[in-house]
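# Geometric and topological summary
Here is what each chain is made of, one letter per residue.
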Amino acid sequence: MSPASPVSPGGPVSPETSGRPESPQSPASRQSPESPESPERTVWTVDEHLDDILASVHPLDPIELQLPDAQGCVLVEDVTVPVALPPFDNSSMDGYAVRVADVAGASEEYPAVLTVVGDVAAGGDGLPEVGPGQAARIMTGAPLPPGAEAVVPVEWTDGGTGEGAATSMRPAGAAPQGAGGEVRVHRPAQARAHVRARGSDVSAGDLALRAGTVLGPAQIGLLAAIGRGTVRVRPRPRVVVLSTGSELVQPGAELGPGRIYDSNSFALAAAARDAGAIAYRVGAVTDDADTLRATIEEQLVRADLLVTTGGVSVGAYDVVKEALSAASDADEPGGGVEFRSLAMQPGKPQGFGSVGPEHTPLLALPGNPVSSYVSFELFARPAIRALMGLADLHRPRVRARLAAGGPLPSPAGKRQFLRGTYDAGAGTVTPVGGAGSHLVAALAQADALIVVPEDTTLVEPGAEVELVLIG
């Protein structure tokens, strides 16, 4: 493929599985020379770059999924309850179903002696009727039999043994006689004691889950409990993460001279999963434009979003910029990647656009570890959540007092993001590490980004700062 060729997929994209939304426009097709987003400008603000990304990324098309496959997806319709939960009055204890009048005044000295008329097991067929002076042995979750008004726990009885207080029931298979004979009840019970009322959880017609809910384990359980086998959702976005650099070695391999381990692809793939995506990590691509273009072609078949890291600055071997800049002038309408300088630190060089016939969004992030991670949090994470159709795209933000040993300098005209640890109880944040974009160890200790505005060049200890919570 020549440098001037648009990036196209190496295989067909399946519309049934992609859930891909309407193709976004490229930055070039949205801009006019007079607009503030014009390519002639030299520096973009953080907010302008983010707004441009979010204007191009649209929610994935809804699909119907089986419950096990819907975990982590976003519900696109309200779900109402077709049947009450529980669907019948049932026991919350293992014990005996009784009539209230028959156990009134019962005590250990003067127990109420009742005739056991049968067993009521969860899921069992046929319910014995409990008449005056009678009881039915009942298991947790079993329906309350007709005539019964309450349940007494087995610990309040002799368990049908004729001895002292029971601690458990004898297994039905080992002691079938437990379903008959007599039981002595040592305590009275109020009406409806230890009975779960029909509809006490939810009633038929109630709203079970609202559209926009992310389906976690509890929500999946509720859907199953009300009988839903499938649900209509927006699928989790498929995010392909690839790093570039001939110096990169995969963890576990031996480091040669001038080599470093590839950490960015692992960190960003983990960050994509944390944001709600299905992440595919591609091993590091060497500094060769043709190889990178071919790799992107191969990955488009499984990508709703591509994230690259490295190769976006002004060096002679910045392969992402070399490989994808040409696509901005390609003949294919709406395609292309634009590379920009942002008024931020770390993370000044950024790229954004779309590639391939489906106009798959692509974010090109810097290669320094801190720069790539901060850029992901600010730009890629909101894009992923926009693809999911979520209303809340961003990390939480709070204000805190700076707890530092001295003032923190910040470059004029740039929004700086420093790493910090947040103490919610004290309302303070403590910087960790320095401003260097290579300080991975400090990043691993941080649970917040300290935001220093563009017009601030010095932050004094005790000053109030804004935090982006990433922990």
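Quantities reported herein were computed from a predicted structural model and do not represent experimental measurements. (Residues numbered from 1 in each chain as written. Predicted model: local features only at pLDDT ≥ 70, side-chain atom pairs only at ≥ 80, totals over all residues. Heavy atoms only, no water.)

## What to know about the packing of aromatic side chains
Just so we agree on the cut-off: By convention, a stacked pair of Phe, Tyr or Trp rings (six-membered ring in the case of Trp) has centres within 6.5 Å and planes under 30 degrees apart, an edge-to-face pair has planes over 60 apart, and any other such pair is tilted. Only when the NZ of Lys or the CZ of Arg is both within 6 Å of the ring centre and within 35 degrees of the ring normal is a charge said to sit over the ring.
Taken as a whole and judged by the stated rule, the model has 0 aromatic pairs. Lying over the aromatic face of phenylalanine 266, arginine 281 brings its terminal NZ or CZ to 3.9 Å of the ring centre. Arginine 340 extends its terminal NZ or CZ atom over the ring of tryptophan 44, reaching a point 3.7 Å from the ring centre.

## Quick word on the nonpolar core
The following threshold applies: Here, the term nonpolar core denotes a set of buried Ala, Val, Leu, Ile, Met, Phe, Trp, Tyr and Cys residues that are joined through side-chain atoms within 4.5 Å. Buried, partly exposed and exposed residues are distinguished by accessible area as a fraction of the type maximum, computed with a 1.4 Å probe on protein chains only: under 20%, between the cut-offs, and over 50%, respectively. Helix numbering and strand numbering both begin at the N terminus, where a helix is a DSSP run of H or I of at least 4 residues and a strand a DSSP run of E of at least 2. Residues count as neighbours in contact if any of their non-hydrogen atoms are within 4.5 Å of one another.
Within the largest apolar cluster, 43 residues are counted, with the highest numbers of intra-cluster contacts made by Val239, Leu305, Met344, Leu363, Phe376, Phe379 and Ile384. Elements with a minimum of two residues in this core: helix H3 (46–56), strand E13 (238–244), helix H6 (264–275), strand E17 (305–309), strand E21 (360–365), helix H9 (369–388) and strand E26 (448–452). If one sorts the elements of this core by residue count, H9 sits on top with 12 residues. With residues near it in sequence (within four places) discarded, isoleucine 384 still touches Pro237, Val239, Ala272, Ala275, Ala277, Leu305 and Phe376.

## Some details on the packing of H3 against H9
Note the cut-off: Note on geometry: axes are lines fitted to C-alpha atoms, helical ones only across the stretch in contact, with angles between N-to-C directions running from 0 to 180 degrees. Note on angle classes: values under 35 degrees are labelled roughly parallel, values over 145 roughly antiparallel, values of 65 to 115 roughly perpendicular, and the remainder oblique. In this scheme the handedness of a crossing depends on how the near helix is turned from the far one: anticlockwise by less than a right angle means left-handed, clockwise means right-handed.
Contact pair H3 / H9: the axes reach a minimum separation of 10 Å and the direction vectors enclose 25°. On the basis of the axis angle, H3 is roughly parallel to H9. In this structure, H3 meets H9 at a crossing whose hand is right-handed. For the pair H3 and H9, contact is made by Val46, His49, Leu50, Ile53 and Leu54 and by Leu378, Phe379, Pro382, Ala383 and Ala386, respectively.

## Some details on the environment of glutamine 416
Here is the rule we go by: Any pair of nitrogen or oxygen atoms within 3.5 Å is treated as a polar contact; in protein, a donor-acceptor pairing is required on top of that, and neighbouring residues in sequence qualify only through side-chain atoms on both sides.
The topology assignment puts glutamine 416 in strand E24 (residues 415–423). For glutamine 416, a relative accessible area of 2% puts it in the buried group. Note: C-alpha distance between glutamine 416 and leucine 449 (33 residues apart in sequence) is 9.2 Å. A polar atom in the side chain of glutamine 416 sits 3.2 Å from the side chain of serine 410.

## A look at the sheet that holds strand E20 (residues 349–355)
Here is the rule we go by: DSSP bridges decide pairing: two strands pair if at least two such bridges lie between them.
On the basis of which strands lie adjacent, the open sheet formed by 6 strands has the order E16-E13-E17-E21-E20-E18 and mixed pairing. Looking along the sheet, the strands with just one partner apiece sit at the ends: strand E16 (278–285) and strand E18 (336–341). Strand-to-strand twist in this sheet, taken as the mean axis angle between neighbours without regard to direction, amounts to 15°. Here 5 bridges tie E20 to E21, and the two strands are oriented antiparallel to one another. Bridge assignment links serine 354 to a residue of E21, and that residue is proline 361.

## Some points on the side chain of arginine 137
Mapped onto the secondary structure, arginine 137 falls in strand E7 (residues 134–138). Among the polar contacts made by the side chain of arginine 137, one reaches the side chain of aspartate 119 at a distance of 2.7 Å.

## Digging into the pairing of E7
Within E7, 4 of the 5 residues are buried, leaving the element largely enclosed by the surrounding structure. Summarising the sheet, strand E5 (residues 95–98) and E7 pair through 4 bridges and their orientation is antiparallel. In the sheet register, tyrosine 96 faces E7, and the bridge partner there is arginine 137. Sheet topology places strand E6 (residues 112–120) next to E7; 4 bridges connect them, and they run parallel. Across the sheet, residue valine 120 finds its bridge partner in E7, namely isoleucine 138.

## Notes on the side chain of asparagine 90
For asparagine 90, the location among the structural elements is in strand E4 (residues 90–91). Residue asparagine 90 is classed as buried on the basis of its relative accessible area, which comes to 4%. If we skip the residues at most four places from it in the chain, asparagine 90 touches Gly141, Ala142, Pro143, Leu144, His194, Val195 and Arg196.

## A short note on the pattern of salt bridges
What counts here: Take a side-chain nitrogen of Lys or Arg and a carboxyl oxygen of Asp or Glu: if they are within 4 Å of each other, that pair is a salt bridge.
Applying the stated criterion across every chain yields a total of 17 salt bridges. Among the ionic contacts, a cluster of salt bridges with common partners joins Asp274, Glu377, Arg381 and Arg395.

## Comments concerning the environment of threonine 140
Among the secondary structure elements, threonine 140 is positioned in the loop between E7 and strand E8 (150–153). Using a relative accessible area of 35% as the deciding quantity, one classes threonine 140 as partly exposed. Each C-alpha atom of the pair threonine 140 and aspartate 94 lies 5.0 Å from the other, and the pair is 46 residues apart in sequence. Threonine 140 has contacts with Ser91, Ser92, Met93, Asp94, Ala122 and Arg196, leaving out every residue within four places of it along the chain.

## Some points on the sheet that holds strand E9 (residues 182–185)
Pairing in this open sheet of 5 strands is mixed, and the strands run E8-E5-E7-E6-E9 from one edge to the other. Because the sheet does not close on itself, it has two edges, and the strands there are E8 and E9. For this sheet, the mean inter-axis angle between neighbouring strands, taken without regard to orientation, is 40°. Judged from the 4 bridges that link them, E5 and E8 form a sheet pairing that is antiparallel. From the neighbouring strand, tyrosine 96 faces E8, where its bridge partner is valine 152.

Keep in mind these values describe shape, not function.
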